[in-house]
Amino acid sequence: MRFWLVAALLAVALLVVPRVGNTYLFDAILTPFLALSLAGVGLNLLTGYAGQISVGSAAFMAIGAFAAYNFNLRVPHLPLLASFALAGLTAAAVGIVFGLPSLRLKGFYLLVSTLAAQYFVQWALTNFHWFANDDPSGVITAPQLAVAGIDFSSSAGRYVLSLAVVATLTFVALRLVHSQTGRNWMAVRDKDLAAAVIGVPIFRSKLLAFAISSFYCGVAGVLWAFAYLRTVESDGFTLDLSFRILFIIIIGGLASVRGAFFGAAFIVVLPLLLSRIGASFFGTTDSGIAELVEMILIGVLIIAFLIAEPAGLVSLWDRGRRRLARLLSFVPAPQS
Amino acid sequence: MSFFVDVLVGGLLSGVMYSLVALGFVLIYKTSGVLNFAQGAMVLFAALTFVSLTEHKLPFAVSLLVTLAIMVALGWLIERFVLKPLVNQSSITLFMATLGLSYVIEGAAQLLWGTEVHGLDLGIPDTPMQFGSVAISEFDLVAALIAATMVAALTLFFRTTRTGLAFRAVADDQLAAIAVGLRLSHVWAIAWALAGVVALVAGLLWGARLGVQFSLSTVVLKALPVLVLGGFDSIAGAIVGGLLIGAIEKSAEVYIGPFVGGGTEGWIAYVVALGFLLVRPAGLFGQRELVRA
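1. Regarding the confidence of the model for chain A
Phase 1: Mean pLDDT over chain A stands at 83; residues scoring 70 or higher make up 94%.
Phase 2: Confidence, expressed as mean pLDDT per element, reaches its minimum in chain A at strand S2 (residues 146-147) of chain A with 72 and its maximum at helix H9 (residues 202-229) of chain A with 90.

This is the structure:
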């Protein structure tokens, strides 16, 4: 039942939405939503499932974006999707390096490691001009998006390409968290000592979490730069973006692949909603004030969710559905 | 040689400013085990409030007192509405809550007082004074003096007063502290209020240096490596760590910067802190030996 629901949703998203949607829907909502969702899934694997906090997601996104750009530029005849995969692998390799301290450090001491990644990567990408192909402005236009001869450069095309990539990787993530690897991560998260006693390879699990999470963030970065921003620049991957991705998984639901999508939808739609409300109720289109209100709202929501609903929007959704099911009694309740 | 001394002294003096921010962290961490990410936001809030009050023609002393009262109230509110409901949660959860809190405070501060840059003049001249071959700004000297006074005052407070004793008891063992009748929420409220006061001092000095603006809240990020180096729960460590980070940053920028195109100040502190963590996870003066993963 659940499978068919998801399949139907995907079919609509892939076949119907590109025909009926407009440019605004694709460029301002759906494409950034997909890229952020993927980054959220990646961070959730690391933070939600394996219990290692990171505020460096944007750095790994930047690595992915720049790696894809450079592979595309320097390797002739490389298929676009291959450059996506190579970008993910590059991000994974760097992720392992910055994940190494996790073998010795726990909790928020790890913050320093991931912050180091955030600052160092951004600095290196701006400072060494080779990464940007010696472009004087440091802002590179993303390459043409074509897979197997089909052009995906239009708004709808970029959305479809993002959707395909995100759907595939999300499917893998869903399988992964229910595999032995996923169970190992949760064991490490819940009690590392107990995990070690029952024979979970702690070091390997943690490093694997960093690698896979960085892979996801890397590919998300490619989508963010190529499909959403359409430029590759290190300013597109600030610490603020890292925080937002952390917020996505807190609001959406820690340790839930679906949660990343809920959270990303929320983070993308909230500012648009606020500026609409500001425009229609107060007649002001002051984007500065809307931004500040958004900041306060996000902060309040983070605290509220941590206090009242630590499992995030996902758990609200499930509870709502269960309640609805009881009311209607013919809709099957979701398995938790 | 004298150039090196110049660089070193310059670094040490900017390190004093880092220490000031780190002190606020240590206060909270020592008593409640929370890494308060909102400390930087509190620095911004304090500085903005003070500047805006003086710009509304309030006298210096009155503005200072009002801001002080507001910061104390803010500390109490945070304890009441953020920390209390999250008692007994993991340190990661608490950290994320303070991250959310920092967004709230930053947003509120700017919504309340506007986003433009304010100049702040404390009446301390920023003129260099000659000490032998080294020139030191009078402002930096005053800042260092204030930092030293605050550390001395805080140390005395922890060692000699009843409240300080309660602080140490809570830091040592929360359950035992509750068992002997200490009220955790009171101690925490006082700690957060104190952190607010420290934020005010840091905000005034930083604000006078850089102008009061949004970027003040990012000094919080500079304080993290300081804490790692000095140990999260050591007041002396905050000072020594701050000085070390300041000195390392300046010397690295002068001696390594030219070879890699400059801008090393943004990350060198983190990389040093990271390397240091791998060797000595508890920091220079940290109390608790970190559990090996």
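2. Looking at the environment of Cys217 of chain A
Phase 1: Checked against the element boundaries, Cys217 of chain A lands in helix H9.
Phase 2: Sequence separation of Cys217 of chain A and Ser275 of chain A is 58 residues, and the distance between their C-alpha atoms is 29 Å.

3. Focus on the nonpolar core
Phase 1: Met61, Tyr159, Phe226, Phe237 and Phe247 of chain A together with Met42 and Ile105 of chain B are the most contacted members of the largest nonpolar core, which totals 189 residues.
Phase 2: Residue contributions to this core peak at 14 residues, all from helix H8 (residues 184-210) of chain B.
Phase 3: Look past the residues within four positions of Phe237 of chain A in its chain and what remains in contact with it is Ala58, Met61, Ala62, Ala65, Gln118, Gln122, Gly221, Trp224 and Ala225 of chain A.

4. A closer look at the layout of surface pockets
Residues and elements named next belong to chain A.
Phase 1: Counted as a void, the second largest pocket has a volume near 1,800 Å³.
Phase 2: Elements with a contribution of two residues or more to the lining of the second largest pocket: helix H1 (2-20), helix H2 (23-49), helix H6 (155-177), helix H11 (257-281) and helix H13 (312-328).
Phase 3: Looking at the lining of the second largest pocket, the element that brings in the most residues is H1, giving 10 residues.
Phase 4: Looking at side-chain class alone, the lining of the second largest pocket contains 30 nonpolar, 6 polar and 7 charged residues.

5. Here we look at the interface of chain B and chain A
How big an interface is tends to be expressed through the accessible area that disappears when the partners come together.
Phase 1: Listed as interface residues are 48 residues of chain B and, on the opposing side, 42 residues of chain A.
Phase 2: Where chain B abuts chain A, roughly 4,100 Å² becomes buried across the two surfaces, and 81% of that area is made up of carbon and sulfur atoms.
Phase 3: Here chain B is connected to chain A by 0 salt bridges.
Phase 4: Scanning the region where chain B abuts chain A turns up 1 residue pair in polar contact (both at pLDDT 80 or more).
Phase 5: For the side of chain B that touches chain A, the secondary structure elements donating two or more residues are helix H3 (60-83), helix H4 (91-113), helix H9 (219-230) and helix H12 (268-279) of chain B.
Phase 6: For the side of chain B that touches chain A, the leading source of residues is H4 of chain B, giving 16 residues.
Phase 7: Residues of the side of chain B that touches chain A, tallied by class, amount to 34 nonpolar, 12 polar and 2 charged.

Cut-offs used in this document
- Residues numbered from 1 in each chain as written.
- Chains lettered and ligands numbered in written order.
- Predicted model: local features only at pLDDT ≥ 70, side-chain atom pairs only at ≥ 80, totals over all residues.
- Heavy atoms only, no water.
- pLDDT = per-residue confidence, 0-100.
- Helix = DSSP H or I, 4+ residues; strand = E, 2+ residues; numbered from the N terminus.
- Core = buried A, V, L, I, M, F, W, Y, C linked by side-chain atoms within 4.5 Å.
- Buried < 20%, exposed > 50% of the residue type's maximum accessible area, 1.4 Å probe, protein only.
- Contact = heavy atoms within 4.5 Å.
- 1 Å grid on protein atoms, 1.4 Å probe; cavity = no way out; pocket = protein on both sides within 12 Å on 5 of 7 lines; lining within 4 Å.
- Points joined across faces, edges and corners; volume = space filled by probe spheres on them.
- Nonpolar A, V, L, I, M, F, W, Y, C, P; charged D, E, K, R; others polar.
- Buried area = accessible area lost by both parts, 1.4 Å probe.
- Salt bridge = Lys/Arg side-chain N within 4 Å of Asp/Glu carboxyl O.
- Polar contact = N/O pair within 3.5 Å; in protein donor to acceptor, adjacent residues only side chain to side chain.

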